[in-house]
Amino acid sequence: MAFYPLQIAGLVLGFLGMVGTLATTLLPQWRISAFIGSNIIVFERLWEGLWMNCIRQAKVRLQCKFYSSLLALPPALEAARALMCVAVALSLIALIIGICGMKKIQCTGSNKRAKAYLLGTSGVLFILTGIFVLIPVCWTANIIIRDFYNPAVHVGQKRELGAALFLGWASTAVLFIGGGLLCGYCCCNRKKQGHRHPAPGHCVSHTDKPPRNETVLNRASTSYV
């Protein structure tokens, strides 16, 4: 396989994207308290994530609490939870499929075409994972920015973009690049196989010609008669 480095690069980036997706899902820094106007409380900082909220006070350890009720959560938070869980599952499935399609792995025997299709499927799943991560991250960022500039929202309720959102954007870029490399490898392998095995239509014209020996025998029998 001439494009073997594409496999390694794609799977490494896919693995990093999976780790970033998992970290983005678990980290509580999706929304952080904003210090604006008279709301200058430097001794207390509030973090809000998908699963918990945390309060960090000066010279006091971080205190976190899981959300007590699932039904009382905002619809945007519930949707973000579901999409991020689907993204983590997809990234794990994509990584397993990609490992099965590696050159040194004998799950599919020595069938190069099957390995290429497995890597292509892995690349598509990595790209889908990036889309599933991008939707809740951008959605949450839009809500934060909208409320921040909304004068009807109290200053104490305004939030800023947390580190988890930036990690989600970075993970999305890594997933897109890794998935693109794996899909590119699959396309390059298909073109290589196509050049190596030409279509049978090019040789059809030669099969219609009768053998030379049969033509000579037919002419001899006709002249004898």
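Residues numbered from 1 in each chain as written. Predicted model: local features only at pLDDT ≥ 70, side-chain atom pairs only at ≥ 80, totals over all residues. Heavy atoms only, no water.

As recorded by an unreviewed UniProt entry, the protein chain carries the name Claudin and is attributed to Camelus ferus. Comment text from UniProt for the protein chain, heading Function (unreviewed entry), reads "Claudins function as major constituents of the tight junction complexes that regulate the permeability of epithelia." Under the Sequence similarities (unreviewed entry) heading, UniProt states for the protein chain: "Belongs to the claudin family." (UniProt positions renumbered as here; feature names shortened; annotations may be inferred.)

S.K.: What is the right way to read the overall build of the protein chain from this model?
M.R.: The secondary structure content of the protein chain amounts to 6 helices and 5 strands. Counted from the first residue to the last, the protein chain has its helices and strands arranged as α-β-β-β-β-α-α-β-α-α-α. Of all 225 residues assigned to the protein chain, the portion counted as buried reaches 32%. Surface exposure of the protein chain reaches about 13800 Å², of which carbon and sulfur atoms provide 68%. (Helix = DSSP H or I, 4+ residues; strand = E, 2+ residues; numbered from the N terminus. Buried < 20%, exposed > 50% of the residue type's maximum accessible area, 1.4 Å probe, protein only. Areas by Shrake-Rupley, 256 points an atom, 1.4 Å probe, with all protein chains shown as cover.)

S.K.: How do you make sense of helix H1 (residues 4–26) when you look at a structure like this?
M.R.: Since the α-helix packs 3.6 residues into each turn, any two residues three or four apart lie on the same face. For H1, with 23 residues, the first-to-last C-alpha span of 34 Å sits near the 33 Å given by 1.5 Å per residue. Burial in H1 covers these residues: Gln7, Gly10, Leu11, Gly14, Gly17, Met18, Gly20, Thr21, Thr24 and Thr25. (Expected span 1.5 Å × (residues − 1).)

S.K.: Whenever I open this one, the pairing of strand E2 (residues 44–48) confuses me. Can you help?
M.R.: Both faces of the sheet carry side chains from a regular strand, because those side chains alternate between them. The sheet contact formed by strand E1 (residues 31–33) and E2 spans 2 bridges and is antiparallel. In the sheet register, arginine 31 faces E2, and the bridge partner there is glutamate 48. In textbook terms, the turn of a hairpin is the stretch between consecutive antiparallel strands, and for E2 and strand E3 (residues 52–57) this stretch comprises 3 residues. (Pairing = 2+ DSSP bridges.)

S.K.: Even after reading the chapter, I still don't get the UniProt feature "transmembrane region" (unreviewed entry) in the protein chain, so can you show me in this structure?
M.R.: Under the present numbering, the feature "transmembrane region" (unreviewed entry) in UniProt falls on residues 79–102, 123–145 and 165–188. A helix fraction of 92% and a strand fraction of 0% characterise residues 79–102, whose end C-alpha atoms lie 35 Å from each other. In this annotation, residues 123–145 is assigned 100% helix and 0% strand; the end-to-end C-alpha distance for the span is 33 Å.

S.K.: Can you help me understand the state of the cysteines in this one?
M.R.: Structurally, a disulfide amounts to a covalent bond that connects the sulfur atoms of two cysteines. Scanning the model with the defined rule gives 1 disulfide in all. Two residues, cysteine 54 and cysteine 64, share a disulfide whose sulfurs are 2.1 Å apart. Here the S-S torsion is close to 110 degrees, and the disulfide linking cysteine 54 with cysteine 64 is therefore right-handed. Taken together, the residues cysteine 54 in strand E3 and cysteine 64 in strand E4 (residues 63–66) connect sequence positions 10 residues apart. (Disulfide = S-S within 2.5 Å.)

S.K.: Even after reading the chapter, I still don't get the confidence of the model for the protein chain, so can you show me in this structure?
M.R.: A low pLDDT means the predicted coordinates there should not be read in detail. Per-residue pLDDT for the protein chain has a mean of 79; in total, 73% of the residues score no lower than 70. Below a pLDDT of 50 lies the segment residues 197–207, which in the model reaches 0 contacts outside its immediate sequence neighbourhood of four places, other chains included. (pLDDT = per-residue confidence, 0-100. Contact = heavy atoms within 4.5 Å.)

S.K.: Just to check I follow, could you spell out the environment of proline 5 for this structure?
M.R.: The topology assignment puts proline 5 in helix H1. Each C-alpha atom of the pair proline 5 and tyrosine 185 lies 9.3 Å from the other, and the pair is 180 residues apart in sequence.

S.K.: Honestly, the pattern of salt bridges in this entry has me stumped. Any pointers?
M.R.: A side chain of one charge can pair with a side chain of the opposite charge if their charged atoms are brought near each other. All chains considered together, the criterion is met by 3 salt bridges. Arginine 31 is the partner of glutamate 48 in a salt bridge, and the nearest nitrogen-oxygen pair spans 2.9 Å. Of the two residues, glutamate 48 is situated in strand E2 and arginine 31 in strand E1; the sequence distance between them amounts to 17 residues. Classification of glutamate 48 as buried rests on a relative accessible area of 18%. Across the pair arginine 159 and glutamate 48 runs a salt bridge whose closest N-O atoms are separated by 3.2 Å. Of this pair, arginine 159 sits in strand E5 (residues 159–161) while glutamate 48 sits in strand E2, and the two are 111 residues apart along the sequence. Comparing arginine 159 with glutamate 48, the two get one shared label, buried. Counted as one network, the salt bridges with shared partners bring together Arg31, Glu48 and Arg159. (Salt bridge = Lys/Arg side-chain N within 4 Å of Asp/Glu carboxyl O.)

S.K.: What am I meant to see in the packing of aromatic side chains here?
M.R.: Any pair of aromatic rings gets described here by the distance separating the centres and the angle formed by the planes. Going through the model one piece at a time under the given rule, you end up with 2 aromatic pairs. Centroid distance phenylalanine 148 to tyrosine 149: 5.2 Å. Interplanar angle 80 degrees. Geometry classified as edge-to-face. An angle of 75 degrees between the planes, with centres 5.6 Å apart, marks the rings of phenylalanine 166 and tryptophan 169 as edge-to-face. A residue pair is termed a helical-turn pair when its members lie 3 or 4 positions apart in one helix, as phenylalanine 166 and tryptophan 169 do in helix H4 (residues 163–196) at 3 residues. (Phe/Tyr/Trp six-rings, centres within 6.5 Å; stacked < 30°, edge-to-face > 60°.)

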